[in-house]
Amino acid sequence: MNCLETRGEDLLLRIHVQPGAKSSAVAGRHGNAVKIRLRARPVEGAANAALCASLGLSRRQVALLRGETARDKVIAIHAPGSAARALLQEWTQDSSPATENP
């Protein structure tokens, strides 16, 4: 699976999350995923909630398919608007150097 795939009305996004970061930001690629640094700690779903907020989507639009407690996640975004699609395309086409998996 690429970082971003289209399945009907949904988009599937593969991400690598770094919770507890100094600030929240997209940090380029991490192997075959988009690396996202989140300020939120991985406690009681706070990092997953912050991830939805960073995408500008409601929790109803985002379904976590894999990786609830892992750093590597696959999420499905139901019916994203054109702004969210453009943002996700920008994230996945980032020309910054890829980060290798340790």
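Residues numbered from 1 in each chain as written. Predicted model: local features only at pLDDT ≥ 70, side-chain atom pairs only at ≥ 80, totals over all residues. Heavy atoms only, no water.

Asks: Would you mind going over the nonpolar core with me for this structure?
Replies: General note: in soluble globular proteins, nonpolar side chains tend to be found buried as a group. Counting residues in each nonpolar core, the largest one holds 20 residues, and the members touching the most others are Leu13, Ile15, Val34, Ile36, Leu55, Ile77 and Leu88. Those elements giving two or more residues to this core turn out to be β2 (10-19), β4 (33-38), α1 (46-54), β6 (72-78) and α2 (82-92). If one sorts the elements of this core by residue count, β2 sits on top with four residues. (Core = buried A, V, L, I, M, F, W, Y, C linked by side-chain atoms within 4.5 Å. Buried < 20%, exposed > 50% of the residue type's maximum accessible area, 1.4 Å probe, protein only. Helix = DSSP H or I, 4+ residues; strand = E, 2+ residues; numbered from the N terminus.)

Asks: Could you clarify how one ought to interpret α2 in this entry?
Replies: Each α-helix winds once per 3.6 residues, and so residues spaced three or four apart point in a common direction. Every buried residue belonging to α2 is among Ala84, Leu88, Trp91 and Thr92, and all of these are buried. Across the axial projection of α2, the buried residues extend over an arc of 90 degrees, all falling on one side. Across α2 from its buried face, at more than 90 degrees, point the exposed residues Ser82, Ala83 and Glu90. (Arc of directions from axis to C-beta.)

Asks: Would you mind going over the environment of lysine 73 with me for this structure?
Replies: In this fold, lysine 73 is placed in strand β6. Sequence separation of lysine 73 and arginine 60 is 13 residues, and the distance between their C-alpha atoms is 17 Å.

Asks: Explain α1 here, please?
Replies: For α1, the complete set of buried residues consists of Ala47, Asn48, Leu51 and Cys52. Projected down its long axis, α1 shows its buried positions confined to an angular sector of 145 degrees, all on one face. After α1 finishes, the residue glycine 56 shows a positive phi value of roughly 70 degrees.

Asks: What is the right way to read the side chain of histidine 16 from this model?
Replies: With respect to the element layout, histidine 16 can be found in strand β2. Setting aside residues no more than four positions away along its own chain, histidine 16 makes contact with His30, Ala33, Val34, Lys35, Ile36, Arg71 and Asp72. (Contact = heavy atoms within 4.5 Å.)

Asks: What is the right way to read the environment of glutamate 5 from this model?
Replies: Relative to the assigned elements, glutamate 5 resides in strand β1 (residues 4-7). Along the primary structure glutamate 5 and arginine 60 are separated by 55 residues, whereas in three dimensions their C-alpha atoms are 19 Å apart. Those residues within four positions of glutamate 5 in sequence are excluded, and the remaining contacts are Asp10, Leu11 and Leu12. Among the polar contacts made by the side chain of glutamate 5, one reaches the side chain of arginine 7 at a distance of 3.4 Å. (Polar contact = N/O pair within 3.5 Å; in protein donor to acceptor, adjacent residues only side chain to side chain.)

Asks: Before we go on, may I ask you to explain the environment of glutamine 61 in this structure?
Replies: Secondary-structure assignment places glutamine 61 in the loop between α1 and β5 (62-66). Residues glutamine 61 and alanine 79 lie 18 residues apart in sequence; the distance between their C-alpha atoms is 7.2 Å. Discounting residues that sit within four places of it in the chain, glutamine 61 has contacts with Ala76, Ile77, His78, Ala79 and Pro80.

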